[in-house]
Amino acid sequence: MAGLGFACLLLALMVCAYGIGASIYGVRAGRPEFSESGRRAVYALAGVLTVAFLVLEVAFLRNDFGFNTVADTSSRTTPTFYRAAAVWSSQEGSLLLWAWLLSLWSSLALFLTRRRMRDVAAYATAVLLGFAGFFVSLMIFYANPFATTRPAPAEGVGLDPLLRFPTMMIHPPMLYSGYTLCTIPLAFGVGALLARRVDADWIKAIRRFAFAGWLFLGAGILLGARWSYSELGWGGYWGWDAVENASLMPWLTATAFLHSLMIQEKRGMLKVWNVSLVLATGTLAIMGTFLVRSGVLNSIHAFGGATLGVPFVCLIGVLIAGSIYLVVSRREMLRSENRLDSLLSRESIFLANNLVLVGLCFVIFWGTYFPLISEAVTGQESSVGPPWFDRYTVPLALVLVLLSGIGPVIAWRRATLANARRNFMIPVAVALIALGGLAAAGIARKPLALAMFCAGAFVLAVVAQEFVRGTRVRKAMAGETAPRALLSLVQRNRRRYGGYIVHVGIAVLFIGVAASSSFQHATELQLRPGQSTKVGAYTLRYVRPTASITPKYDRAHTGSTVALGAEVAVTKGGHRVTTLNPSEGYYSSGEASQGTVGSLIGGQPVSHVSIDGGATRDIWGAIQPNIESGRLKKIVEAGNRTLSPDEAIVAIGLLAREYLKHAPPAQFHFIVSPLVLWIWVGGLIVFLGGLVAAWPAPSLVRAKAAARFRARSSRELARA
Amino acid sequence: MAVLIVIAVFVLIGLIVLVVGTPLRRAALQRAAAAAGGAAPPSGETSEEPLRRAELEAAREAKYREIRDAEMDFRTGKLSEPDYRALDGELRAEALRILDALDELDRASGREGSEQIG
């Protein structure tokens, strides 16, 4: 079967080569049948890569350890769900996932645009097949997912314990969907520049894919943050890790693009800016993939060991050079059709918003790639940590939240000061009330957090005002009840009100971030059973040690041999609040040199965090038991000397029992963070708002509404 | 197993050729039919007219949306009435220009159609 998979890769490369040639020939020679053949080559590519993906998937599900990737990342004891998802836990499998998702999304994009922009689409087809061909070539020549070893090993190494969590398994497909969807607007941008057609039709075509890329990338980022918080044992959700930053940068430029696209649509302005953003977003998506796959930067996330750096650098170089050339050579056709009417207009707020987003992206880009640049120049490794990032991103984020509240209240083209004053009155009053109340509660000692809370309150008030006023207008115009009017309002103005919901989500998310990072109480200390500590207003007491041995008690299917932990009672003011049960899982290493018993627990230990989450606060606990203590070490050493591999599990039972009877002091990490829940809630609201904004109106309704509006416009235009 | 893999590969190749070759076969048949009928084969060049029409239709939809947005801005108090009337007038004039361009396109394709029939 590996032969079939590799043959699919070879076929895929040939299909890419043919499709590129056919598309370009078709559009240059005026032979539309060749352009269409090129488009169908993308469909064929999707089919072939689907077969390849299925071959690998079946190999994982059938435990075919003859496949090197299966042997390296799966085992007979890996639960089925994780085995199915382990396909993309390896370098090779993730490259296949990337190429496969790109082929699927490209097929969809080209199918939806098959009757429009034929010249633009032909060039876009060539670009997309170029990307696909690049990734397929990487698999054929550098990282073959179908490489085999015969005879096949009897058992695999198993899935990295850090990845044995549902959120982590869904995170890569979401993120890769985001990355691949971001390359589609890039391809259509290149196509539009080559065909010299950057017009309303182009905007309409790429908006939905830019939106989809933004949505999936955002979901992937949020899932990753959630995984970091709930599984990684350091208690944070964002560490300005290189791979985290790599996904955030294209999301920021995509956000900027979605806003400034509206200006081009309405006023024919910012064409150079929009085209540059589209090209930058796609290039940053490729650079993000480069960071994860090439192993060029140290990261807790990066799990690609093989050096794919050189091919990626070449591709990125071509993308950057090509983008600059295209924009400069087409600058005449990218001239703005209009000028900014007024600084007090939604256009200028969007422009300011864009500058902030791009500024944020630049800061993050510099901080992420600085180690590489520094090493290239000085020859010494260096890195930039969270304090550096926070210093520059926090003020920019504050301005961004403020602008997201100002924009909705200002009219397009021009607004008057009198109107602006009237519209800002209530939201500003709400913000000032929030300021007064929070300052009185002692929040003023953290001025940036206080500013963010007030900005968030301002945004929430603005959006509430918009919904109330819009519903009133709808009620007056259509005579509907308030709930019906609200529904109609959103249905008829999905982009506007979906966007407002996104702004609410962003405000809520940043309120959660500001609260949880500024008002966190944390402690790290050693405790014996019976000892306690205070964290903020809470008292945490180490009640008793806990131990569980797989598979009977491994309900989370983490695959650990044994998990040692603690029961921690949490009280506040003498009242029981909750009980935490953090533990550390010890995994098999497969290293015979560690001994029969040692090898059962010698793998990378993984913290199983315990969280009690709530609307106002999260109480988070992690434990690091001392497995090297005298008594426990003696059991392991004795077992190594006397027990065979089949008997070694008996020693693990003894180890667990000894731990329960004479638990050594354990290292605990406790955190009490306010409002963490609202980060995830905010993210969900952003996602929901994005869906509302992007949801197409039913075609019949759209056609009827368009027809009525055309008739009315024609009548009124005739009168004018 | 090796035989099955070879068969599967050939089936895939066949499907690929079928999928990507269909437009080429269709075009070749059209040319052959046109040649047999004595008519000139289709030029195969991408006509500018559908591209221009798509561009104008997208611009028209965007302009209608802008007119609706302006009305919404006025009714929700973001625009004063004088500003709204001025803006609405500008937007409707821009919409009229787009509708005129579409009408011109319709007339031109109507003229071409009658020339071809003639």
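Please read these numbers as outputs of a predicted model, since none were measured by experiment.

Moving on, we come to the overall build of chain A. Per the secondary structure count, chain A includes 22 helices and 10 strands. The globule rule puts the C-alpha radius of gyration for 720 residues at 27 Å, and the 28 Å found for chain A is close to it. When its C-alpha atoms are laid out on the principal axes, chain A stretches across 100 × 70 × 55 Å. The burial tally for chain A puts 53% of its 720 residues in the buried class.

This brings us to the overall build of chain B. Along chain B, the regular secondary structure elements total three helices and zero strands. Secondary structure elements in chain B, listed N-terminal to C-terminal, are α-α-α. Counting all 118 residues of chain B, 18% fall into the buried class. Partitioning the contacts of chain B with sequence separation of at least 6, the portion at a separation of at least 24 is 61%.

Another aspect to go through is the pairing of strand β5 (residues 575-580) of chain A. Residue and element names in this part refer to chain A. Sheet analysis places strand β4 (residues 562-572) next to β5, joined by five bridges and oriented antiparallel. In the strand pairing of β5, Thr 571 is matched with Arg 576. Counting the residues that bridge the hairpin from β4 to β5 gives two residues, and of these Gly 573 lies at a positive phi of roughly 60 degrees.

All names here are of chain A. At a minimum axis separation of 9 Å, helix α8 (residues 200-231) and helix α9 (residues 242-267) run at an interaxial angle of 150 degrees. For the element pair α8 / α9, the angle class is roughly antiparallel. Viewed along their axes, α8 and α9 form a crossing whose handedness is left-handed. Listed contacts from α9 to Ala 200, Ile 203, Arg 207, Ala 210, Phe 211, Gly 213, Trp 214, Leu 217, Gly 218, Gly 220, Ile 221 and Gly 224 of α8 are Glu 244, Ser 247, Leu 248, Pro 250, Trp 251, Ala 254, Thr 255, Phe 257, Leu 258, Leu 261, Gln 264 and Glu 265. Split into classes, the residues belonging to the contact of α8 with α9 amount to 14 nonpolar, seven polar and three charged.

Residues and elements named next belong to chain A. In spatial order, the strands read β1-β10-β9-β8; together these four strands make up an open sheet with antiparallel pairing. The open sheet is flanked by β1 (521-527) and β8 (610-613), the only strands paired with a single partner. Each adjacent strand pair in this sheet contributes to an overall mean axis angle of 10 degrees, direction not counted. As judged from the four bridges shared by β8 and strand β9 (residues 617-624), these two strands associate in the antiparallel manner. Across the sheet, the residue bridging to Ser 610 is Gly 621, located in β9.

Our focus in this paragraph is the interface of chain B and chain A. Listed per partner, the contact involves 39 residues of chain B and 50 residues of chain A. Those elements that provide at least two residues to the side of chain B that touches chain A are α1 (2-37), α2 (48-75) and α3 (81-117) of chain B. Of the residues forming the side of chain B that touches chain A, the biggest block, 14 residues, is contributed by α1(B). In the side of chain B that touches chain A, the residues fall into 23 nonpolar, six polar and 10 charged.

Now for the domain arrangement of chain A. Residue and element names in this part refer to chain A. Partitioning chain A into domains gives domain 1 (1-160), domain 2 (165-346), domain 3 (416-519 + 682-719) and domain 4 (528-675). Listed by partner, the interface residues are seven residues for domain 2 and seven residues for domain 3. Its residues placed into classes, the side of domain 2 that touches domain 3 shows five nonpolar, one polar and one charged.

Here the focus is the nonpolar core. Burial of nonpolar side chains together is a common tendency in soluble globular proteins. Residue and element names in this part refer to chain A. Core analysis: the largest hydrophobic core is formed by 212 residues, its most contacted members being Ala 12, Leu 45 and Val 401. By residue number, the principal contributor to this core is α8, which donates 20 residues. Ignoring anything within four residues of it in the chain, the contact list for Val 401 reads Met 452, Ala 455, Gly 456, Val 459, Ile 506, Ala 507 and Phe 510. Counting 37 residues, the second-largest nonpolar core is a separate cluster that includes Ala 547, Ile 623, Ile 652 and Ala 656.

Turning our eyes to something else, we now look at the confidence of the model for chain A. Confidence in the prediction for chain A averages 87 pLDDT; 93% of positions are at 70 or higher. pLDDT under 50 marks residues 299-306 of chain A. Its contacts with residues more than four places away, or in other chains, come to 21 contacts.

All names here are of chain A. The peptide bond linking Arg 150 to Pro 151 adopts the cis configuration, its omega dihedral lying at 0 degrees. Secondary-structure assignment places Pro 151 in the loop between α6 (118-141) and α7 (166-195). For Arg 196, which is not a glycine, the phi torsion comes out positive at approximately 60 degrees. Here Arg 196 lies in the loop between α7 and α8. With a phi close to 65 degrees, Leu 675 is a non-glycine residue in the positive phi region. Along the chain, Leu 675 falls in the loop between β10 (666-674) and α21 (677-694).

Another aspect to go through is the packing of α6(A) against α7(A). Residue and element names in this part refer to chain A. Where α6 contacts α7, the two axes come as close as 7 Å, and the packing angle between them is 135 degrees. In this view, α6 runs oblique relative to α7, as classed from their interaxial angle. Both α6 and α7 take part in a crossing whose hand is right-handed. Each of Asp 119, Val 120, Ala 121, Tyr 123, Ala 124, Val 127, Leu 128 and Phe 131 in α6 lies in contact with α7, whose residues at this interface are Thr 183, Ala 187, Phe 188, Val 190, Gly 191, Ala 192, Leu 194 and Ala 195. Tallied by class, the residues present in the contact of α6 with α7 amount to 13 nonpolar, two polar and one charged.

This part covers the pairing of β10(A). All names here are of chain A. Burial runs high along β10: seven of the nine residues are buried. For β1 and β10, the ladder comprises seven bridges, and the chain directions are antiparallel. Bridge pairing in β10 places Ala 522 opposite Ile 671.

A few words now on helix α1 (residues 2-28) of chain A. The first and last C-alpha atoms of α1(A) sit 39 Å apart over 27 residues, in line with the 39 Å expected at 1.5 Å per residue. Downstream of α1(A) by a residue or two, Gly30(A) has a phi angle that is positive, lying close to 65 degrees.

Here we take up the environment of Ala200(A). Inspection of the secondary structure puts Ala200(A) in helix α8. Residues Ala200(A) and Glu265(A), spaced 65 residues apart in sequence, show a C-alpha to C-alpha distance of 6.3 Å. Beyond its immediate sequence surroundings of up to four residues, Ala200(A) is in contact with Glu265(A), Glu55(B), Ala58(B), Ala59(B) and Ala62(B).

Moving on, we come to the confidence of the model for chain B. Residues and elements named next belong to chain B. Per-residue confidence for chain B gives a mean pLDDT of 82, with 84% of residues at or over 70. Element-level mean pLDDT values for chain B span from 81 in α3 up to 89 in α1. Scored below 50 in pLDDT, residues 113-118 makes zero contacts in the model with residues more than four places away or belonging to other chains. With a pTM of 0.89, the predicted complex shows an ipTM of 0.80.

Analysis parameters
Residues numbered from 1 in each chain as written. Chains lettered and ligands numbered in written order. Predicted model: local features only at pLDDT ≥ 70, side-chain atom pairs only at ≥ 80, totals over all residues. Helix = DSSP H or I, 4+ residues; strand = E, 2+ residues; numbered from the N terminus. Rg over C-alpha atoms; globule rule 2.2 N^0.38 Å. Buried ≥ 20, exposed ≤ 12 C-beta atoms within 10 Å, placed from the backbone. Contact = placed C-beta atoms within 7 Å. Pairing = 2+ DSSP bridges. Axes fitted to C-alpha atoms, helices over the stretch in contact; angles between N-to-C directions. Parallel < 35°, antiparallel > 145°, perpendicular 65-115°, else oblique. Left-handed = near helix turned anticlockwise from the far one by under 90°. Nonpolar A, V, L, I, M, F, W, Y, C, P; charged D, E, K, R; others polar. Domains from an automatic or database assignment. Core = buried A, V, L, I, M, F, W, Y, C linked by C-beta atoms within 7 Å. pLDDT = per-residue confidence, 0-100. Expected span 1.5 Å × (residues − 1).

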